[in-house]
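A look at the structure
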Amino acid sequence: MADQVSNYKCPNCGGPLRFDPATQKLKCEYCDSLFTQEEVDQFYRKDEEAAAAEGTDQKWETDTGEWSEEEAAHMRAYSCPSCGASLIADENTAVTVCPYCNNPTVVAGQFVTKKPQFVLPFKLDKDKAVEILNNFYKGKPLLPKAFTSQNHIQEIKGVYVPFWLYNGVMDCHMTFNAQNVRQFSHGDEIITETDHYQLVRNGTVTFSGVPADASSKMPDEYMDAIEPFDYSQLKDFDTMYLAGYMADSYDVDAEQDRERGEARMKASAVKSITATVTGFSAVSPISTQITKLDGAAAYAFLPVWLLSTQWNGETYLFAVNGQSGKIAGDLPSDKGLAIAWFLRITFAMFVVVSIVLYFIGGGFL
Amino acid sequence: MILKRLQSIGMVFLFLFGLLLFPIRSHADSAAYVIDETGVFTSDQLLELNDLAEQVTNDRECGVYVVITKNMHGYSERDFAEGLFFNYDLGYGLKDNPSGIILAIDYNDRFYDVYSYGAAGDTFTTARLDSLNDLVYDYLVKDDWFGACKAFINKCDELLESTGYVYHTIQYTDPTIAPHIVETSPEQRRNEFLLRLPFAALGSSIVGGISVMVMRGRNKRTGLAKNADQYIVNNGVRLTQSRDMFINRTRSVTRIQRDTGGGGHGGGGHSYHSSGGTHSSGGRHF
């Protein structure tokens, strides 16, 4: 009995329960709550039932729609034989080059994609995107000059990238060890008093619109880097927003992308709940339990200016947030320039340090 | 084109670094017993005096030194010889128990003095230091620098032999030897400077490396997001339970160490002047 009971945790704070002979009940070591065996069994039974009903791998509710016949009639689908990108555009927009891999042999594809629920219209035009990209190239001493000159920046393309926007509520149960230290002297002694505390913080954190791109061709680190998007500008989807732009179809469903969104939410939930612990000189978490209470994912097109370019046999991709202008991309570095800069800086530093050492040392000439 | 520039920068860097290191090697081979900052000796004279001083030092196990400077190096006349003895780190025997005698001459101020330290004080008492001062005076007034130094070294040899001097360690009456270093000589400063240069080169190359890494970092602007802080809705953090439970209080006591004024070395054994050195009655101008 004792062993069995010792594995129970307090329904209130998660602390260990022990049998209290005085009350003949189970008592929480931390919050002093008292429970009968029946109460604890009932709590755990309910918990298990709830977990069984939801499953540990809860599904996200998703909201996607189908294109109407009229909408589909004015859309064209394309496919890139090189990287496999599946693109759509309105009938008046010619898609000749793949925005992801710069392959110029894009072919007509099958129109099978789902219709997004929302769209965030482009705010920046092409000229502004070109200007942002040009500025990104400036002030980069290790960027090979040939890369800039051979870069066809004008070929930057406006692409609606498919995203899952996750809404969710994270239920956090956290316990902490905390200390407050006070030091004072008394006669010939320094006395250090440490007050030890056990803290319980339970709460919920609500998230809205945590984005995760739904295209396997789009590197996640690019889309994460151009966040955030201003969702207040989000519109119900209408094909009119696609005019002049192309759009990528999602090939990663909401369930596949769920882990990314959830991981970010959990990290922020822990951070937010931990931030409520104040007034202690030292705090360390002991236990953390997070469960997703509910969640939903909306399918949306978000605006991105993309430039894919080849240099020295490698593909370089640059993405500009079509709303805020935030840019992501990895520029190449020239090894020769890197060595030259290393020698220049090292030599200059050496001369300066030597002069300083000479004068600090009192000189000898 | 870039590679050629790199090569030329690298060559210049190596050449300059080599030049800076060169004096260390030449200094390592230079005289250690007779130090001439003024160039008053010819190279032959310097070698002869140095060999003579080295021989006496090794034979008698007592350092015999001559240092000729351009000025007083900021010392008073009283501290001049003593200061040079310690600044040049002179003395025979253990590092913390050296024994030796120095003839220190300020060329421009035409001032000189002798000073002994450690076990050398057994032989070179104040009276004998005065007699040495007398001896070299006759040479110095005639600007016979070589003669003065040679006579000094020979006389030291003679006195060490006649007094039956033997090197031994000394227990000083003061707990610590009084600090002597007041000012370093130009040669010492140069040596210290040269010793620090490799560290300067290392530090500079680290700065260079970090700078290039920062430059490379500026070429990269991608990264996975780790959290969703900006997507927490307004008032989205709701605490359903917040409880702080006091567990216990621990107390540790550290006794403050008071300085009781104890310590210091006991007496007994051979007793020396607290600083360990012996001065003459005073240096002289010539």
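Computed from a prediction, not measured in an experiment: that's the story for all the values here.

Description of the overall build of chain A
Helix and strand counts for chain A come out as eight helices and 15 strands. Taking all 365 residues of chain A together, the buried fraction comes to 48%. Sequence separation of at least 24 residues holds for 72% of the intrachain contacts in chain A that already meet a minimum separation of 6. For chain A, the accessible area works out to roughly 17300 Å², and carbon and sulfur atoms hold 51% of it.

Thoughts on helix α4 (residues 126–137) of chain A
Residues and elements named next belong to chain A. The end-to-end C-alpha distance of α4 is 17 Å, a good match for the 16 Å that twelve residues give at a rise of 1.5 Å each. For α4, the full list of buried residues reads Ala-129, Val-130, Ile-132, Leu-133, Phe-136 and Tyr-137. In a view along the axis of α4, the buried residues occupy a sector of 160 degrees, so they form one face of it. Residue Gly-139 follows α4 closely and has a positive phi angle near 70 degrees.

Considering the pattern of salt bridges
Inspection of the entire model under this criterion finds 23 salt bridges over all chains. Note that Arg264(A) and Glu227(A) form a salt bridge whose closest N and O atoms lie 2.8 Å from each other. You can see Arg264(A) sitting in helix α7 (residues 254–274) and its partner Glu227(A) sitting in the loop between α6 (220–225) and β11 (235–236), a full 37 residues away along the chain. The class for Arg264(A) is buried, based on a relative accessible area of 4%. The exposure class of Glu227(A) is buried, given its relative accessible area of 3%. Ionic pairing is found between Asp229(B) and Lys271(A), a salt bridge with its closest N-O pair at 2.4 Å.

Focus: the side chain of Asn133(B)
Residues and elements named next belong to chain B. Mapped onto the elements of the fold, Asn-133 is located in helix α4 (residues 126–140). The class of Asn-133 is buried, set by a relative accessible area of 0%. When near neighbours in sequence (up to four residues on either side) are disregarded, Asn-133 contacts Tyr-112, Asp-113, Val-114, Ser-280, Gly-282 and Arg-284.

With respect to the packing of aromatic side chains
Under the criterion given, the structure shown has 35 aromatic pairs over all chains. For the pair Tyr358(A) and Phe359(A), a centre-to-centre distance of 5.2 Å together with 85 degrees between the ring planes defines the contact as edge-to-face. Ring centres of Phe85(B) and Phe86(B) lie 5.3 Å apart, and the angle between their planes is 75 degrees; on these two criteria the pair is classed as edge-to-face. Exposure class is identical for Phe85(B) and Phe86(B). Each is buried. These aromatic residues form a ring-pair network of at least three members: Phe122(A), Tyr160(A), Trp164(A), Phe237(A), Tyr245(A), Tyr250(A), Tyr299(A), Phe301(A) and Trp305(A). Here the guanidinium or amino end of Arg284(B) rests over the ring plane of Tyr137(B), the centre of that ring lying 6.0 Å away.

Details of the confidence of the model for chain A
When pLDDT is low, close inspection of the predicted coordinates is not appropriate. Summing up the model confidence of chain A, the mean pLDDT is 82 and the portion of residues at 70 or higher is 84%. Note on residues 1–6 of chain A: pLDDT under 50 across the span, and seven contacts to partners over four residues away in sequence or across chains.

Notes on the state of the cysteines
When the sulfur atoms of two cysteines share a covalent bond, that bond is a disulfide. Residue and element names in this part refer to chain B. All chains considered together, the criterion is met by zero disulfides over all chains. Between Cys-62, a free cysteine, and Cys-156, which holds the nearest cysteine sulfur, the sulfur-to-sulfur gap is 7.5 Å. The exposure class of Cys-156 is buried, given its relative accessible area of 0%.

Remarks on the pairing of strand β4 (residues 97–106) of chain B
All names here are of chain B. In terms of burial, β4 is a largely internal element, ten of the ten residues being buried. The alternating pattern of β4 places Asn-97, Ser-99, Ile-101, Leu-103 and Ile-105 and Pro-98, Gly-100, Ile-102, Ala-104 and Asp-106 on opposite faces, both of which are buried. In this sheet, β4 lies alongside strand β2 (residues 63–69) in parallel orientation, the contact comprising seven bridges. Its bridge partner being in β4, Val-67 is matched across the sheet by Ala-104. Here strand β3 (residues 92–94) folds back onto β4, and the loop between the two strands holds two residues. Across seven bridges, the pairing between β4 and strand β5 (residues 111–117) is antiparallel. Bridge pairing links Ala-104 to Asp-113 in β5. In sequence, β4 turns back onto β5 through a hairpin of four residues, with Arg-110 there showing a positive phi of about 50 degrees.

Details of the interface of chain B and chain A
Of the residues lining the interface, 64 residues belong to chain B; the matching set on chain A comes to 84 residues. Of the roughly 6700 Å² buried where chain B meets chain A, counting both sides, 60% is carbon and sulfur surface. In this structure, the connection of chain B to chain A is made through six salt bridges. As a salt-bridge pair, Asp195(A) and Arg249(B) come within 2.5 Å of each other at their nearest N and O atoms.

Some details on the packing of helix α2 (residues 43–60) of chain B against helix α5 (residues 145–162) of chain B
Residue and element names in this part refer to chain B. One way to put it is that α2 packs onto α5 with a least axis distance of 10 Å and a crossing angle of 10 degrees. Taken together, α2 and α5 sit at an angle that is classed as roughly parallel. Note on element contacts: α5 touches α2 through Phe-146, Cys-149, Lys-150, Ile-153, Asn-154, Asp-157, Leu-160 and Glu-161, opposite Gln-45, Glu-48, Leu-49, Leu-52, Ala-53, Val-56 and Arg-60. Its residues placed into classes, the contact of α2 with α5 shows eight nonpolar, two polar and five charged.

A closer look at the environment of Val119(A)
All names here are of chain A. As for its position among the elements, Val-119 is in strand β8 (residues 118–119). Looking at Val-119, the relative accessible area reads 0%, which means it is buried. Separated by 120 residues in sequence, Val-119 and Thr-239 place their C-alpha atoms 9.4 Å apart. If we skip the residues at most four places from it in the chain, Val-119 touches Tyr-160, Gln-233, Leu-234, Lys-235, Asp-236, Phe-237, Asp-238, Tyr-241 and Phe-301.

A look at α5(B)
All names here are of chain B. Taking 1.5 Å of rise per residue, 18 residues should cover 26 Å, and α5 covers 26 Å from first to last C-alpha, within 8% of that figure. Those residues of α5 not exposed but buried are Trp-145, Phe-146, Gly-147, Ala-148, Cys-149, Ala-151, Phe-152, Ile-153, Cys-156, Leu-159 and Leu-160. Remark: Gly-164 follows α5 within two positions and exhibits a positive phi of approximately 65 degrees.

So, the side chain of Glu37(B)
With respect to the helices, strands and loops of the structure, Glu37(B) is situated in the loop between β1 (34–36) and α2. The residues touching Glu37(B), leaving out its near neighbours within four places in the chain, are Ile68(B), Thr69(B), Lys70(B), His73(B), Tyr88(B), Ser185(B) and Pro186(B).

A few points about unusual backbone geometry
For the bond running from Glu227(A) to Pro228(A), omega is 5 degrees, close enough to zero to count as cis. If you trace the backbone, Pro228(A) turns up in the loop between α6 and β11. Of note, Asp143(B) is a non-glycine position whose phi angle comes to about 60 degrees, a positive value. In this structure, Asp143(B) sits in the loop between α4 and α5. We classify Asp143(B) as partly exposed; its relative accessible area is 40%. Of note, Asn235(B) is a non-glycine position whose phi angle comes to about 55 degrees, a positive value. Mapped onto the secondary structure, Asn235(B) falls in strand β7 (residues 232–255).

Calculation criteria
Residues numbered from 1 in each chain as written. Chains lettered and ligands numbered in written order. Predicted model: local features only at pLDDT ≥ 70, side-chain atom pairs only at ≥ 80, totals over all residues. Heavy atoms only, no water. Helix = DSSP H or I, 4+ residues; strand = E, 2+ residues; numbered from the N terminus. Buried < 20%, exposed > 50% of the residue type's maximum accessible area, 1.4 Å probe, protein only. Contact = heavy atoms within 4.5 Å. Areas by Shrake-Rupley, 256 points an atom, 1.4 Å probe, with all protein chains shown as cover. Expected span 1.5 Å × (residues − 1). Arc of directions from axis to C-beta. Salt bridge = Lys/Arg side-chain N within 4 Å of Asp/Glu carboxyl O. Phe/Tyr/Trp six-rings, centres within 6.5 Å; stacked < 30°, edge-to-face > 60°. Lys NZ or Arg CZ within 6 Å of the ring centre and 35° of its normal. pLDDT = per-residue confidence, 0-100. Disulfide = S-S within 2.5 Å. Pairing = 2+ DSSP bridges. Buried area = accessible area lost by both parts, 1.4 Å probe. Axes fitted to C-alpha atoms, helices over the stretch in contact; angles between N-to-C directions. Parallel < 35°, antiparallel > 145°, perpendicular 65-115°, else oblique. Nonpolar A, V, L, I, M, F, W, Y, C, P; charged D, E, K, R; others polar.

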